[in-house]
Each structure stands twice: as C-alpha cells, then as structure tokens.
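Residue strings, one per chain:
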Amino acid sequence: MQTIEFKDFDKIELRVGTILRVEQFEKAKKPAFKIWVDLGEQLGVKKSSAQVTVHYTPEDLIGRQVVCVCNFAPRQIADFMSEILITGFSDEEGNIVLTSVERQVPNGAKLH
C-alpha cells in the first residue's frame, strides 16, 4: 500500500448528506439507482448513480445519511450526470454496503 501525506487526504472533500430522492436507473449497464443527496446549504442537492440495488430499495435509502466524495469531476453515465460519488464497501460477494454515520450530523459536514 502506498502512503500519502495528510495534505493529500485533505484534498478529498468527503462530506455527509441525506438522500432525498431515488429512482431506478433503467439506462445503466448494471443495475443502479439515480440518487439525489442534500449536502447542505453550501453544496446543495447533488446527483449520483449508485450500484446499490442488491442491499437497498429506494424506500430503504430515503432519509439515510451517506458519506460522499464531492470534488470529483462530474461524470456522464448514460443520460445522467453523476456529480458526486456515494461511498461504500464491498461485501463478500462484491455488492456495495453504503458508508454512513453513527449519529445524524448536519448535511455537508466534512469528514476529518
């Protein structure tokens, strides 16, 4: 594993947000959702495509706080512009389990 300096880590904007809206992403190559996340007053609502359909339904996701990378360049996925990366970990089968917070914190709070 390569080591990095703290200044490198500090460049990554990892922030928490609350999922507001979820739709099936029919045009995605792999099963995915279109997700809208409220990242607070400073960043507003951002969109993401996430392949999390194995462990979550749209109803499970609404209101959940998730950890997002907010300073990647936007990425076009089919007909949808993904603006943030919602983070997660692979389970034993490679399906994503979302990264969340232990307690509710303000939307837009930065990971330290």
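Bear in mind the structure is a predicted one, so any value in this text is a computation, not a measurement. (Residues numbered from 1 in each chain as written. Predicted model: local features only at pLDDT ≥ 70, side-chain atom pairs only at ≥ 80, totals over all residues. Heavy atoms only, no water.)

## Notes on the pairing of strand S2 (residues 33–38)
- The element S2 is extensively covered by neighbouring structure, given that five of its six residues are classed as buried.
- The sheet contact formed by strand S1 (residues 14–24) and S2 spans six bridges and is antiparallel. Among the inter-strand pairings, Ile-19 is bridged to a residue of S2, identified as Val-37. (Buried < 20%, exposed > 50% of the residue type's maximum accessible area, 1.4 Å probe, protein only. Helix = DSSP H or I, 4+ residues; strand = E, 2+ residues; numbered from the N terminus. Pairing = 2+ DSSP bridges.)

## Brief notes about the side chain of Ser-48
- By the element assignment, Ser-48 lies in strand S3 (residues 45–50).
- Looking at Ser-48, its side chain comes within polar contact range of the main-chain oxygen of Ile-84, at 3.0 Å.
- When sequence neighbours within four positions are dropped, the list of residues in contact with Ser-48 reads Phe-33, Lys-34, Ile-35, Phe-80, Ser-82, Ile-84, Leu-85 and Ile-86. (Polar contact = N/O pair within 3.5 Å; in protein donor to acceptor, adjacent residues only side chain to side chain. Contact = heavy atoms within 4.5 Å.)

## Details of the side chain of Arg-15
- By secondary structure assignment, the location of Arg-15 is in strand S1.
- At 2.6 Å, the side chain of Arg-15 and the backbone oxygen of Gly-108 are in polar contact.
- Ignoring anything within four residues of it in the chain, the contact list for Arg-15 reads Leu-39, Gln-42, Leu-43, Val-66, Val-67, Cys-68, Cys-70, Gly-108, Ala-109 and Lys-110.

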